[in-house]
Structure formats: C-alpha cells, structure tokens
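Residue-level structure breakdown
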Amino acid sequence: MEPRLGPKAAALHLGWPFLLLWVSGLSYSVSSSASPSPSPVSRVRTSYNLGRTFLGLDKCNACIGTSICKKFFKEEIRFDNGLALHLGPPPDDLPSYSANYSDDFKTWRPVEISRLVSKQQNKISDRRICASAAAPKTCSIERVLRKTGRFQKWLQAKRLTPDLVRGLSSPLLRCPSQRLLDRVVRRYAEVADAGSIFMDHFTDRDKLRLLYTLAVNTHPVLLQIFPGAEGWPLPKYLGSCGRFLVSTSTSPLQEFYDAPPDQAADLAYQLLGVLESLRSNDLNYFFYFTHVDAGMFGIFNNGHLFIRDASALGVIDRQEGSQAASRAGDDKDIFSCLVSGCQTELPSCDTIPEKQNLVLVCSQVLPLLLQAKFPSPVREEIDAELTRCADRTRPDPEVLGAASRLKDILRPLRTCDPRFAYRYPDCKYNDKF
C-alpha cells in the first residue's frame, strides 16, 4: 500500500534522493535542442547566457568559489526545466518549481528551484545597501559592503569572535559562543581549506561571502556545521553559489496532512524525536525555533523526516556558555537589517525555555497532522496530550512530560512495512524502530 501524498509530493515520489536548489537574485536563460524531458543517454550540450552582470556580489553575492559555483562556471553541471523554455527564478506568484539536475550529463535527478529569501526582500536589501552609502537606486553592492566598518574588522581578524557577529539578526548568532563560531570557520565548505579555527586561509572575498550569508540567511551554514552524516536532522549540503544552495530535500510536511493514520503517526513520532535531539545531544547545544510552520520540515522518499528550513533555528551553547546579545546601537549596521527591520530587538537567550520547540510544534503543526485520524479513545488521549504540550503557561517538565506520553501513544500506531524504508526491515526484528 503506497502512502497518500499531496499533489506535489506525489509528483516527486521518485527513487532518486531529491535535491533542493535555492535561487535568489538570479537571471539567466537556457537554450538546448534536446527535448524538455531529460534523458540519461546522450544529450546536446546546454549553453548558458550569463553575461558579466552574473559575477560578483551585485547579482549572486560572491559567486566565485568552490563546489557548485565552480562547477557552474566550468559548465560541469546542467539544469533542465520542462515547465518553460527559460530556466530562472520562480515567478513572483510561486515560491518554487521543479526542474532536473545533472553533474555527469548521464544521470538526472529531480530538483526544486526556490528562493532563499523572497524577491521583495532582495530588493529591499539592495536598496538599503545603496542608501547606506548615499548611492542612487543602483550601486555596486560589493563595493559598498567592503567599505563598512564591520567588514574592515573582519579583514583584520584572524579568528571569528562574538564581537564580529554581534548585532546580526540571525537567531544562530543571537548569543554565540566561541566554540560555535570556531565550528563555523572550521567547517565552512566554500574555502579551499576548512580545517582550522583561524581564518588565515580565507581570502577577502571568502570573508565577505561568509559575512553576507550569516547576515542574510544562516540555513546553508547550519547544514555545513551540523551535517546530516553525523546524525543531525538536516539535509545534506551539496554546495552553494552565493544565493544558490543545493541540498538534499523532498516534500514539505503539509503535503502529508491527508496521509493515512499510520503514516501520520509515524511522522508525528519522528518530529517529536527530532525536537528531543535538538534539546539533548552529545555536543551539548540547545537548538530552538523562533517560529515554526509545516514547510520547515520535509520528508525524504524513504519516509524519513528532517528539518527542511533551518533559517529560524537558534543555537545556545550549554557547555561553554553564550555571549549575551548586545542591545547597544553601535552594533547595528547595514548587515543587521538586510532582511529585517534595522531596529529589531533580540531577546536574551536566558528567556528561551526548554519547552519552546514543543509548544510551537504541538500548537501549530501536530494538530493539523493528527486531527480526526484515529478512533476513540485514542483520539481523546492524543488531543489531551497535545493540549498540555501546547500550553506555554505550564512549567517545562509538564510540557516535556506531555510530549513523552504523546510519543508513547503514537509508537504502537505506526506500522512496519516497506513504505517506511528508513526503518524497514529493521522494525521487524527490533521494536526500537
């Protein structure tokens, strides 16, 4: 029996791991004499009409580097889109669309082309950058950012320290520890050597690219420093190109709201397990969401659930302690307001309770996934624990206890069959799965 998926999930329910290509601020076209449907056999070489304006921060934010970026300019990767003749950013009324990706011209994999930040946010960011330099509506974004006081400090720095990121709006950098920032530098994949905590191997452009990424959206950085290969519930980072990000991905959780009861129970059980790993892990980091929606969680084609969008994920270092977020106006600059208001105040990390993730998910995601799926009295038991879990007025232990009891209720409601390939056939021999 195959799981019932939403229209988009059903269309992407294929054998290959899916890739997610985030695209923003990009404009290019594709011309090819091959058919729109890619074939694993011979194919006419695709040519890209990029133009000079595609280079640099002004259009794709330092698209000079390693991984996907280098392959793109050497024409070692291809994209093919059966929806239109021109492959570019999604239309204003669509956040994403499907295409196909290949790095060997023989094997094609489905991808989803989306924006890292909205087109409107990009326009606002560019206008703010030019306005900060009293420039006209258009200017050299890279030139303006290079002249800022913050970047001049980055140029002189040998090590990424809390004072260099203080005032940035990302929840990842709200209360950074030195241990966390060393991890960012050591695992940053867009430099030739990412094995040191010192930035001696970073070029000026490398530093600007990392600073800009941390200021705009830390999602690609989180995928690099907490990789799925080490057990973190995040998709695999494959490479980036400025505002491009390529990572494994599948369908958002909301497309499974009409899934059958056993699949809904399985996904809810997994989601609660993910939240537990964010609260308690070997590295002693506490991950918290500033907000949640079902689109932040995704499902692989093997049924495995993961965090699809980590841009709203903050990190508190319980081992080393975290630097308090500064409230001084001197730390606010153009990098502080590229995607949010320049006067945004960041609450203290001390105010983030352990129950935060559970309250958000139990109130805004799980009810829609589990509603009207089970007969009485199981339905009443689930609803009661969801109500307790979603109550932010309850003490942390009570909310955590409700989530634990909810997992106990959901566990026997899951089935053991090939639809859940991520735990099959292990579930036949070990009740852990």
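Thresholds applied
- Residues numbered from 1 in each chain as written.
- Predicted model: local features only at pLDDT ≥ 70, side-chain atom pairs only at ≥ 80, totals over all residues.
- Heavy atoms only, no water.
- Helix = DSSP H or I, 4+ residues; strand = E, 2+ residues; numbered from the N terminus.
- Buried < 20%, exposed > 50% of the residue type's maximum accessible area, 1.4 Å probe, protein only.
- Contact = heavy atoms within 4.5 Å.
- Areas by Shrake-Rupley, 256 points an atom, 1.4 Å probe, with all protein chains shown as cover.
- Axes fitted to C-alpha atoms, helices over the stretch in contact; angles between N-to-C directions.
- Parallel < 35°, antiparallel > 145°, perpendicular 65-115°, else oblique.
- Left-handed = near helix turned anticlockwise from the far one by under 90°.
- Nonpolar A, V, L, I, M, F, W, Y, C, P; charged D, E, K, R; others polar.
- Pairing = 2+ DSSP bridges.
- Arc of directions from axis to C-beta.
- Phe/Tyr/Trp six-rings, centres within 6.5 Å; stacked < 30°, edge-to-face > 60°.
- Lys NZ or Arg CZ within 6 Å of the ring centre and 35° of its normal.
- Core = buried A, V, L, I, M, F, W, Y, C linked by side-chain atoms within 4.5 Å.
- Disulfide = S-S within 2.5 Å.
- Expected span 1.5 Å × (residues − 1).
- Salt bridge = Lys/Arg side-chain N within 4 Å of Asp/Glu carboxyl O.

Some remarks on the overall build of the protein chain
- Looking only at helices and strands, the protein chain has 16 helices and 13 strands in total.
- Relative to its full complement of 433 residues, the protein chain shows a buried share of 51%.
- For the protein chain, the proportion of contacts with a sequence separation of at least 24, taken over those separated by at least 6, is 69%.
- Counting only carbon and sulfur atoms, one obtains 53% of the accessible surface of the protein chain, whose full area is about 19200 Å².

Things to note about the packing of helix H14 (residues 378-389) against helix H15 (residues 396-410)
- Contact geometry for H14 and H15: axes closest at 8 Å, N-to-C directions at 155 degrees. Between H14 and H15, the interaxial angle falls into the category roughly antiparallel. Where H14 crosses over H15, the two elements pack in a sense that is left-handed. Contact residues: Val-378, Glu-381, Ile-382, Glu-385, Leu-386, Arg-388 and Cys-389 in H14; Val-399, Ala-402, Ala-403, Arg-405, Leu-406, Ile-409 and Leu-410 in H15.
- Among the residues making up the contact of H14 with H15, the classes are represented as 10 nonpolar, no polar and four charged.

With respect to the sheet that holds strand E9 (residues 251-252)
- The strand order E9-E11-E12 describes an open sheet built from three strands, whose pairing is antiparallel. The open sheet has two edge strands with one neighbour each: E9 and strand E12 (305-307).
- The sheet contact formed by strand E11 (residues 297-299) and E12 spans three bridges and is antiparallel. Looking at E12, one finds that Gly-298 is bridged to Phe-306.

Side note on helix H6 (residues 149-156)
- Along H6, the positions that sit buried rather than exposed are Arg-150, Phe-151 and Trp-154. Buried residues of H6, viewed axially, fall in a sector of 95 degrees; they line one side. Looking at H6, the residues exposed on the side facing more than 90 degrees away from the buried face are Lys-153 and Gln-156.
- In this fold, the buried residues of H6 make contact with helix H5 (141-146), helix H7 (162-165) and helix H9 (204-216).

Remarks on the pairing of strand E10 (residues 285-289)
- Counting buried residues along E10, five of its five residues qualify, which places the element largely inside the surrounding structure.
- Burial along E10 is two-sided: Tyr-285, Phe-287 and Phe-289 facing one way and Phe-286 and Tyr-288 facing the other are all buried.

Things to note about the packing of aromatic side chains
- The full count for this structure, using the stated rule, is nine aromatic pairs.
- For the pair Phe-226 and Tyr-285, a centre-to-centre distance of 5.5 Å together with 75 degrees between the ring planes defines the contact as edge-to-face. Of this pair, Phe-226 sits in the loop between helix H10 (219-225) and strand E7 (237-241) while Tyr-285 sits in strand E10, and the two are 59 residues apart along the sequence. In terms of burial, Phe-226 and Tyr-285 fall into one category: buried.
- Taken together through their ring pairs, the aromatic side chains of Phe-226, Trp-232, Tyr-285 and Phe-287 make up a single cluster.
- The residue whose ring lies beneath Lys-407 is Tyr-269, and the NZ or CZ to ring-centre distance is 4.9 Å.
- For Arg-414, the ring lying beneath its charged end belongs to Tyr-269, and the centroid distance is 4.2 Å.

Considering the nonpolar core
- Grouped together as the largest cluster of nonpolar side chains are 89 residues, with contacts concentrated most on Leu-253, Phe-289 and Leu-366.
- When residues of this core are assigned to their parent elements, the largest contribution, 10 residues, is made by helix H11 (residues 261-279).
- What Leu-253 contacts, discounting residues up to four positions off in sequence, is Leu-267, Leu-271, Ala-294, Phe-297, Gly-298, Ile-299, Leu-305, Val-365 and Leu-369.
- Among the nonpolar cores identified, the runner-up in size contains six residues, and Cys-175, Tyr-288, Ile-316 and Ile-352 belong to it.

Things to note about the state of the cysteines
- One pass over the structure, following the stated rule, counts three disulfides.
- One disulfide in the model links Cys-362 with Cys-389; its S-S distance is 2.0 Å. Looking along the S-S bond of the Cys-362-Cys-389 disulfide, the torsion reads about 65 degrees, which is the right-handed sense. Linking Cys-362 in helix H12 (residues 356-364) with Cys-389 in helix H14, this pair joins segments that are 27 residues apart in sequence.
- Since its relative accessible area comes to 0%, Cys-389 is described here as buried.

A look at the pairing of strand E13 (residues 313-317)
- The buried fraction of E13 is high, at five of five residues.
- Here E13 shows two buried faces, one formed by Leu-313, Val-315 and Asp-317 and the other by Gly-314 and Ile-316.

Quick look at the environment of Val-216
- Within the element layout of this structure, Val-216 appears in helix H9.
- Judged by its relative accessible area of 13%, Val-216 is buried.

Some remarks on H9
- With 13 residues, H9 ought to run about 18 Å at 1.5 Å a step, and its terminal C-alpha atoms sit 18 Å apart, in line with that.
- Counting buried positions along H9 yields 11 of 13 residues, so the element is predominantly enclosed.
- Of the residues making up H9, those classed as buried are Asp-206, Lys-207, Leu-208, Arg-209, Leu-210, Leu-211, Tyr-212, Thr-213, Leu-214, Ala-215 and Val-216.

Structural notes on the environment of Asp-126
- In this fold, Asp-126 is placed in helix H4 (residues 119-132).
- Asp-126 sits in the partly exposed class, given a relative accessible area of 23%.
- In sequence terms Asp-126 and Leu-338 are 212 residues apart; their C-alpha atoms lie 8.0 Å from each other.

Let's talk about the pattern of salt bridges
- Following the criterion strictly, the structure yields 21 salt bridges and no others.
- Arg-394 is the salt-bridge partner of Asp-391, the closest N and O atoms lying 3.4 Å from each other.
- Take Asp-391: its relative accessible area is 25%, and that puts it in the partly exposed class.
- Between Arg-419 and Asp-417 there is a salt bridge whose closest N-O contact spans 3.2 Å. Pair check on accessibility: Arg-419 and Asp-417 agree, each one buried.

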